[in-house]
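Overview (structure and organization)
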Amino acid sequence: MNPANSPIEKLILILAWGLSSLIAVVVPAAFFFVSHQSLKSSLISQTELTVSAVNGIILSNPKMWRFEEVRLSELLERRAMDEVQQVVQITGLSGELIATNSIHLSPPVTEYAREIHDAGAVIGRVTVARSLRPLLQRTAIITAGSIICSALMFFFFRALPLRVVKKAFQTLRESEKKYRSLYEAMNEGMALHHIVLDDRGSIATITVVDINPSFKSMFHERLGIVGSNSFELFGETFREYVSEHLLILGMGETISFELELPGTGNFYNVQAFSPDQGLIATLLEDVTESRKSEQQIQKMAYFDTLTGLPNRALFLDRINQALALADRDEAGLAVLFIDLDRFKNINDTLGHSVGDLLLIEVAQRLGQHLRISDTLARLGGDEFVVVITKLGEQMNVTSIAQKLIDSIQTPFDIKGNELHVSASIGIALYPEDGVTAENLIKHADMAMYSSKESGRNAYSFFSPAMNQKAIMRMEKETGLRHALERGEFFIELQPIICAVTGTVAAAEALVRWQHPVHGRIPPNDFIFLAEETGLILPLGEWVLRTVCSTMKTWSDAGLPLIRFCVNVSSRQIEQQNFPEVVRSVLLETGANAAQLEIELTESCLVTNFDGSIPDIFGMRDWGVTIAIDDFGTGYSSLGYIKTLPIDHIKIDKSFVDEISTNFQDQAIVEAIIAMSQKLGIRNIAEGVETREQLEFLQKQGCGEIQGYYFHRPLSLEAFETLLREQVE
Ligand code: C2E
Ligand code: CA
Ligand code: CA
């Protein structure tokens, strides 16, 4: 900074100028004032003396004093002083001159007059006058002297402090230069950040305002670093540390942490401190080399060198972490032990290099079917383990195990050899099959052997019960795939009765599966599986077609034109062309659309609200009606009820069960019926088993009743008979 232009210099200039001007003006003015005052008092005393002398003359000669020329002149001569020239005049009443010392005064002149009294009457006046010129001359000399003095003072006042300030600035510049060169030459990267805080005291903006050459080279001389957002430049770790330790930094403390500088691939030890308010300085020391060698060591200690997967040590660590989390979240966990079948053959016949490449590819394929939260590790040889966390239903493990088996079924191409590989998997579940990592691995290993024994390329659970379930599920799943073509499904119709007339108003179609081994399987045991495998789409269409053709046959036979209600799963709704499927089935069978009712659940409605639901409701234009199944069990929000043109609400069986005894259920059912009546929606109560339940519902004005009290689901023949009876 140049002090000559600085505000300091301006201030010094103003002060020096003010001070010297004050001296130049005040000294002569004060001199003039004081001298003038003394002149004036001297004039007054001279006048007084003269007046008293004249009074003496008047006293001795009251009548003729005016003519005592000699005495008056003498008196006036005495008043005339040698060193000071003054004029003394005595004048009469009308101003006529009586006596004067007749001296000439150079202008300007100052005077003082006083009246002469005789016996109380004014008889004349004495005037004493002096020239001001000598006083003015002295004042002029003093003014000149003061001006010279003040000029000297001005120079003195200005030059001296300015020299001191300049000296200080020079020292500052020199030390700045010294530090700047240090800053520029140092190996550590240095960056200065400017921060602005928001109302809550957290960082609103943080910008790089200065960097040294070392820092610039860390970014490979990239341009535009200064002025950029520090958080974006330094990455997430920096953001976390600085934001969290803002208070500590403000107190003058230094914080240090390590980070990987985004885009550079290098690791730095960062020291951050606040050199001034609103500023943060960061000193970066490159620790890439040591970090990389540490990582290398870590990698060797925790990772399998062939596949890059975690090794046994790391797997044990991960599994222990997962066990702690599972405990906290009260969630399940599964350990899968995977062993390739007949891997030894490949090694022996094609050599170890082919075997190694195969293991690498197997590891890759297995990894593709796992979530980030799951860990796949290689224990050695052809043995892999997986820990699967956040286990919901056991169904999950079996499908993952199946996916892993399927994933390696496609032949591998290793160095031109087409290799067919399969794997056997053993599954141990936490907490059922073990509570420690070692135990779970051991039990999964044992289960894996039973897979091998049962013919390889399969999975087995450690616990016999789970194994039984898994076998059942596998059988069911494969069975389900063929059930449709083998004609193992059939439909039962459950009558829905009009609460007022007691006649059959509708029928709900309920699908059943006649399994060749396990016998009759209820829908709750296979609909979920059918939805998971996608089989629900052809199955749902089959139900719809069967219902529609039955409907057509019976209406042609003159039976009452009741509604036929078909359950539709959300998988079917999510299928883009569901209304199209319904339309073509109606056309093919020639059934009356107005006799068809589609039952949707609340959750299906809400999750597809913005998707396919408008199209589904579009079917109402053809006469198809829509019912909400299991009403009250799905969503708490009832918003959809007023927006969608719903025809029927089916009050869930769980509310009906204790309706005769439970006050709360009574209140809920009353409210549902009252609400639907107000909205013009008809209601059906499900699962009515007793007369009490029926009576309560009738009293509330419930429209239709479905339940064992009237009928269980009936075979088509039985239902037809029931309808015929109604006609007769
Ligand atoms: P849902 O739609 O709530 O069907 C009513 C269920 O309650 C039926 O069981 C029926 O037999 C049973 N039920 C009726 N009255 C009574 C009663 O008084 N007491 C008792 N304890 N139960 C009664 P089901 O046939 O086992 O069906 C179970 C579920 O399977 C159905 O529940 C429905 O969600 C689903 N489902 C059935 N058929 C199909 C279908 O064709 N497609 C789809 N997607 N789902 C179906
Ligand atoms: Ca239903
Ligand atoms: Ca229901």
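Bear in mind the structure is a predicted one, so any value in this text is a computation, not a measurement.

1. Observations regarding the site of ligand 1
- Inspection of the region around ligand 1 gives 21 residues, with Q494, R512, D629, E689 and Y708 positioned closest.
- Within the backbone of V511, an N or O atom sits 3.2 Å from a nitrogen atom of ligand 1.
- Y708 places a polar main-chain atom, nitrogen or oxygen, 2.8 Å from an oxygen atom of ligand 1.
- Protein coverage of the free-state accessible area of ligand 1, which is 800 Å², stands at 82%.
- Of all the secondary structure elements, the ones that give two or more residues to the shell around ligand 1 are β18 (504-515) and β22 (625-631).
- The residue inventory of the shell around ligand 1, partitioned by class, reads eight nonpolar, six polar and seven charged.

2. Quick look at the packing of aromatic side chains
- Scanning the model with the defined rule gives 15 aromatic pairs in all.
- Between W554 and F564, the ring centres sit 6.1 Å apart and the planes meet at 50°, which makes this aromatic pair tilted. Taken together, the residues W554 in helix α16 (residues 536-556) and F564 in strand β20 (residues 563-567) connect sequence positions ten residues apart.
- In this structure F564 comes out as buried when scored by relative accessible area, which is 2%.
- With 5.1 Å between their ring centres and 75° between their planes, Y709 and F710 make a pair best called edge-to-face.
- Take F710: its relative accessible area is 29%, and that puts it in the partly exposed class.
- Lying across the ring of W622, R583 places its NZ or CZ 5.0 Å from the centre.

3. Re the domain arrangement of the protein chain
- Split by domain assignment, the protein chain resolves into domain 1 (3-136), domain 2 (187-291), domain 3 (303-462) and domain 4 (479-727).
- Computed from C-alpha atoms alone, the centre-to-centre distance between domain 1 and domain 2 is 85 Å.

4. Focus on the environment of G519
- As for its position among the elements, G519 is in strand β19 (residues 519-521).
- Those residues in contact with G519, other than ones at most four positions away along the chain, are W513 and Q514.

5. Comments concerning the pattern of salt bridges
- Taken as a whole and judged by the stated rule, the model has 30 salt bridges.
- For the salt bridge of E704 with R563, the shortest nitrogen-to-oxygen distance reads 2.9 Å. Residue E704 is located in strand β25 (residues 704-706), and its partner R563 is located in strand β20; the two are separated by 141 residues in the primary sequence.

6. Structural notes on the coordination of the calcium ion (ligand 2)
- The coordination sphere of the calcium ion (ligand 2) contains the protein donors E508 (OE), N567 (OD1), E599 (OE) and D629 (OD), at a distance range of 2.1 to 2.3 Å.
- For the calcium ion (ligand 2), the single-chain donor residues occur in sequence as E-x58-N-x31-E-x29-D.
- Separating the calcium ion (ligand 2) from the calcium ion (ligand 3) is a gap of 4.0 Å, which D629 spans by donating to each of them. Here the residue N567 occupies a position in strand β20, and E599 occupies one in strand β21 (residues 596-601), the gap between them amounting to 32 residues.
- Judged by relative accessible area, which is 30%, N567 ranks as partly exposed.
- Looking at E599, the relative accessible area reads 1%, which means it is buried.

7. Let's talk about the sheet that holds strand β7 (residues 255-261)
- Taken together, five strands build an open sheet; the order of strands is β6-β5-β9-β8-β7 and the sheet is antiparallel. Each end of this open sheet is capped by a strand with a single partner; those strands are β6 (203-211) and β7. Each neighbouring strand pair of the sheet contributes to a mean axis angle of 30°, computed without reference to strand direction.
- Examined bridge by bridge, β7 and strand β8 (residues 266-273) share seven bridges and lie antiparallel to one another. Residue S256 lies in a different strand from β8, and its bridge partner there is Q271.

8. Details of the nonpolar core
- L596, I598, L600, L697 and F719 are the most contacted members of the largest nonpolar core, which has 75 residues in total.
- If you tally residues by element for this core, the top one is α16, at eight residues.
- The next biggest cluster of nonpolar side chains, apart from the first, holds 37 residues, and it includes I338, L359, A363 and I427.

9. Some details on helix α18 (residues 578-589)
- Its twelve residues give α18 an end-to-end C-alpha distance of 17 Å, which sits within 8% of 16 Å, the value for a rise of 1.5 Å per residue.
- For α18, the full list of buried residues reads F578, P579, V581, V582, V585, L586 and T589. Seen end-on, α18 carries its buried residues on one side only, within an arc spanning 160°. Summarising the geometry of α18, the exposed residues directed more than 90 degrees from the buried face are L587 and E588.
- Along its buried surface, α18 packs onto α16, α17 (570-574), β21 and α20 (613-618).

10. Re a nonpolar patch on the surface
- Residues L22, V25 and V26 make up a contiguous nonpolar surface patch of roughly 280 Å² in combined accessible area.
- The residue L22 is located in helix α1 (residues 7-60) in this model.

11. What about the sheet that holds strand β3 (residues 109-118)?
- Spatially, four strands are ordered β2-β1-β4-β3 in an open sheet, and the strand pairing comes out antiparallel. The open sheet has two free edges, formed respectively by β2 (97-100) and β3, since each of these has just one partner strand. The sheet shows a mean angle of 20° between the axes of neighbouring strands, direction not considered.
- Note that β3 and strand β4 (residues 121-131) share ten bridges and pair antiparallel. Bridge pairing links H117 to V122 in β4.
- Along the sheet, α1 makes contact with β1 (86-92), β3 and β4, crossing β3 at roughly 30°.

Cut-off values and rules
Residues numbered from 1 in each chain as written. Chains lettered and ligands numbered in written order. Predicted model: local features only at pLDDT ≥ 70, side-chain atom pairs only at ≥ 80, totals over all residues. Heavy atoms only, no water. Near = heavy atom within 4 Å. Polar contact = N/O pair within 3.5 Å; in protein donor to acceptor, adjacent residues only side chain to side chain. Areas by Shrake-Rupley, 256 points an atom, 1.4 Å probe, with all protein chains shown as cover. Helix = DSSP H or I, 4+ residues; strand = E, 2+ residues; numbered from the N terminus. Nonpolar A, V, L, I, M, F, W, Y, C, P; charged D, E, K, R; others polar. Phe/Tyr/Trp six-rings, centres within 6.5 Å; stacked < 30°, edge-to-face > 60°. Buried < 20%, exposed > 50% of the residue type's maximum accessible area, 1.4 Å probe, protein only. Lys NZ or Arg CZ within 6 Å of the ring centre and 35° of its normal. Domains from an automatic or database assignment. Contact = heavy atoms within 4.5 Å. Salt bridge = Lys/Arg side-chain N within 4 Å of Asp/Glu carboxyl O. Donors = N, O, S within 2.8 Å, 3.2 Å for Na, K, Ca; no water. Pairing = 2+ DSSP bridges. Axes fitted to C-alpha atoms, helices over the stretch in contact; angles between N-to-C directions. Core = buried A, V, L, I, M, F, W, Y, C linked by side-chain atoms within 4.5 Å. Expected span 1.5 Å × (residues − 1). Arc of directions from axis to C-beta. Patch = residues over 30% accessible without salt bridge, like charges linked within 9 Å, V, L, I, M, F, W, Y side chains within 5 Å.

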